[in-house]
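The primary structure of each chain is shown beneath.
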Amino acid sequence: GAEQREKQYRAHRGFGDRRGGVISARTYFYADEAKCDQHMETFLRCIDASGGSSEDGFSAIKLTALGRPQFLLQFSEVLVKWRRFFHQMAAEQGQAGRAALEMKLEAEKLQEALANLGIATKAESQNWFTGENLGVSGTVDLLDWNSLIDSRTKLSKLLLVPNMQTGQLEPLLSRFTEEEDLQMKRMLQRMDILAKRATEKGVRLMVDAEQSYFQPAISRLTLEMQRRFNRDRAVIFNTYQCYLKEAYDNVTVDVELSRREGWHFGTKLVRGAYMEQERERAAQIGYEDPINPTYEKTNEMYHRCLDYILEEIKHSRKANVMVASHNEDTVKFTLRRMMDLGIHPSEKKVCFGQLLGMCDQITFPLGE
């Protein structure tokens, strides 16, 4: 099955050392479960220290420190293939080129596609739509699609993906071994322990972004923590890398989900730390470079994502952003937009983080 895997999500010996071309980000390698427990204990001590030294402090974690990265690779590929399937169906309905949230599938055609793939009979999928309160408008958007897939196919367990050529659901890999299944569960348990401690200590927990081939899974697992822990305030912060071509779509889809479900959106915006490695890997292995083509395009993406979140703060007061940048123009842009939108520093909805080698981070709420 390895040859049927997408190139971006295969493990490659030449890039086994993820430090290659990366001088500004801490890297963790999987040794064993005991080492992951040690990392978790270190993160817990950091959370305790942050909670004891300031009000509404921050602490950062990396998911590759908490479990075997292979799981993140596999889960990322599953998520990407299901999302690509949605986009392909949207293109077949004449919606190619639209923004992610503007694509809406006709529910009846979607039900026919699900039946053709053997996922469910048309009668079964009609019951799903009724039970999930989806498709009441006659259409299904990307968030509806994610919800439907989550509740019905248990992707993290089965790792099934649609094959548009054969019209069948196929396993991405063989099922996890018992030990691999335990490794996956332990990673989720460690995340849960850290999130609970952060909540108890009044600390905002930032989940760092990592290489693009891990990031879909990292973002999805972080999203699940936000759903649980961000009900009353933003405790869990996801990180969005604005040098990625898909950054704006990722931000807008997740903000919209927070609106629909009523939890507080928390984000750290960065430009990104893995550009040289990402580009070299894409060129050598043979897949599309995920990085914006120029520095200027990355700046545009950063300000576009930031402005979208600031507008959300203005309208709902349930979004929070850390502007993790030492770019002077970006800081000035943020301050100007805050004044325009009436976002006062005392609300502590906007924070700034000046990055010192990505390993040592100074953060402070604006105005303090």
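Anyway, here's the lowdown on the structure attached to this text. Being a predicted model, the structure only gives us computed values, none of them experimental.

Quick word on helix H3 (residues 107-116)
Since the α-helix advances by 3.6 residues per turn, residues separated by three or four positions end up pointing in the same direction.
Right, on to step 1. Residues of H3 that are buried: Ala107, Leu110, Gln111, Ala113 and Leu114. Within H3, the buried residues cover an arc of 160 degrees as seen down the axis, which keeps them to one side. For H3, the exposed residues set more than 90 degrees away from the buried face come down to Glu108 and Asn116.

Quick word on the environment of Phe15
Right, on to step 1. By secondary structure assignment, the location of Phe15 is in the segment before helix H1 (33-53).
Right, on to step 2. Assessed through its relative accessible area of 13%, Phe15 is described here as buried.
Right, on to step 3. Along the backbone, Phe15 and Glu278 are 263 residues apart, and their C-alpha atoms lie at a distance of 10.0 Å.
Right, on to step 4. What Phe15 contacts, discounting residues up to four positions off in sequence, is Gln277, Glu280, Arg281, Gln284 and Ile285.

Describing helix H2 (residues 69-92)
Right, on to step 1. Taking 1.5 Å of rise per residue, 24 residues should cover 34 Å, and H2 covers 35 Å from first to last C-alpha, within 8% of that figure.
Right, on to step 2. Most of H2 sits out of view: 17 of its 24 residues are buried.
Right, on to step 3. Note on H2: the residue one or two positions beyond its end, Gly94, has a positive phi of about 80 degrees.

Some words on the nonpolar core
Where a protein is soluble and globular, its nonpolar side chains tend to be buried together.
Right, on to step 1. Trp145, Leu269, Leu310 and Val350 are the most contacted members of the largest nonpolar core, which totals 47 residues.
Right, on to step 2. The element best represented in this core is helix H11 (residues 295-316), accounting for eight residues.
Right, on to step 3. When residues are assigned to domains, this core turns out to be shared by domain 1 (2-13 + 22-74 + 176-367) and domain 2 (89-173), each giving three or more.
Right, on to step 4. What Trp145 contacts, discounting residues up to four positions off in sequence, is Trp82, Phe85, Phe86, Met89, Leu110, Leu114 and Val140.
Right, on to step 5. Counting residues in hydrophobic clusters, the runner-up holds 34 residues, among them Phe43, Leu44, Phe71 and Ala217.

Looking at the packing of aromatic side chains
Right, on to step 1. The tally for this structure, following the rule as stated, stands at six aromatic pairs.
Right, on to step 2. A centroid spacing of 5.5 Å and a plane angle of 85 degrees characterise the contact between Phe58 and Phe237, whose relative ring orientation is edge-to-face. With Phe58 in strand E1 (residues 58-61) and Phe237 in strand E7 (residues 236-241), the pair connects residues that are 179 residues apart, well separated along the chain. The burial state of Phe58 is the same as that of Phe237; both residues are buried.
Right, on to step 3. Ring centres of Tyr248 and Tyr308 lie 5.7 Å apart, and the angle between their planes is 80 degrees; this geometry places the pair in the edge-to-face category. Of this pair, Tyr248 sits in helix H9 (residues 247-261) while Tyr308 sits in helix H11; the two residues are 60 residues apart in sequence, bridging distant segments of the chain. For the pair shown, Tyr248 and Tyr308 are each scored as buried.
Right, on to step 4. The ring of Tyr302 carries the charged tip of Arg271 above its face, separated from the ring centre by 4.5 Å.
Right, on to step 5. We note Arg281 situated over the ring of Tyr213; from NZ or CZ to the ring centre the distance is 3.8 Å.

Basis of the calculations
- Residues numbered from 1 in each chain as written.
- Predicted model: local features only at pLDDT ≥ 70, side-chain atom pairs only at ≥ 80, totals over all residues.
- Heavy atoms only, no water.
- Buried < 20%, exposed > 50% of the residue type's maximum accessible area, 1.4 Å probe, protein only.
- Helix = DSSP H or I, 4+ residues; strand = E, 2+ residues; numbered from the N terminus.
- Arc of directions from axis to C-beta.
- Contact = heavy atoms within 4.5 Å.
- Expected span 1.5 Å × (residues − 1).
- Core = buried A, V, L, I, M, F, W, Y, C linked by side-chain atoms within 4.5 Å.
- Domains from an automatic or database assignment.
- Phe/Tyr/Trp six-rings, centres within 6.5 Å; stacked < 30°, edge-to-face > 60°.
- Lys NZ or Arg CZ within 6 Å of the ring centre and 35° of its normal.

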